[in-house]
Amino acid sequence: MFSPPGGGTTLVMSKPLPGMPDTIVGGASKIAWETDNIEALYETLRSKGVEFPQPPTRRFWGGIEAQFQDADGNVFMLHQE
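Residues numbered from 1 in each chain as written. Predicted model: local features only at pLDDT ≥ 70, side-chain atom pairs only at ≥ 80, totals over all residues. Heavy atoms only, no water.

Draft legend 1. Structural context of the pairing of strand β2 (residues 51-58). Pairing analysis gives four bridges linking β2 to strand β3 (residues 64-69), with the strands arranged antiparallel. Counted as the bridge partner of Q54 is Q67 from β3. The antiparallel pairing of β2 with β3 creates a hairpin that spans five residues between the two strands, and G62 there sits at a positive phi of about 105°. (Pairing = 2+ DSSP bridges. Helix = DSSP H or I, 4+ residues; strand = E, 2+ residues; numbered from the N terminus.)

Printed below as a string of structure tokens:
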């Protein structure tokens, strides 16, 4: 995980799991965006036609996550602490 100096963005780099290909089109991207208000962002994106296979869901560790996908089926996450 790293953040550019002075930036508000944090990037997390991860390796594929053993047995998984390095590149996958139409699957989990492992790219997530953090937001302060996941419910509002979820409603805004849904109103613009974004598809969510997983709506905002509270996770066991206390945060909230949602998954959305692009036209190619790539899945991305929204995250709120």
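Draft legend 2. Spatial organisation of the nonpolar core. Judged by nonpolar contacts, I38, Y42, F52, I64, A66, F68, F76 and L78 together constitute the single largest core of eight residues. Elements that contribute at least two residues to this core include exactly α1 (38-47), β3 and β4 (75-80). In terms of residues, this core owes the most to one element, β3, which gives three residues. Each residue touching I38, except ones within four places of it in the same chain, is listed here: P56, I64, E65, A66, L78, H79 and Q80. (Core = buried A, V, L, I, M, F, W, Y, C linked by side-chain atoms within 4.5 Å. Buried < 20%, exposed > 50% of the residue type's maximum accessible area, 1.4 Å probe, protein only. Contact = heavy atoms within 4.5 Å.)

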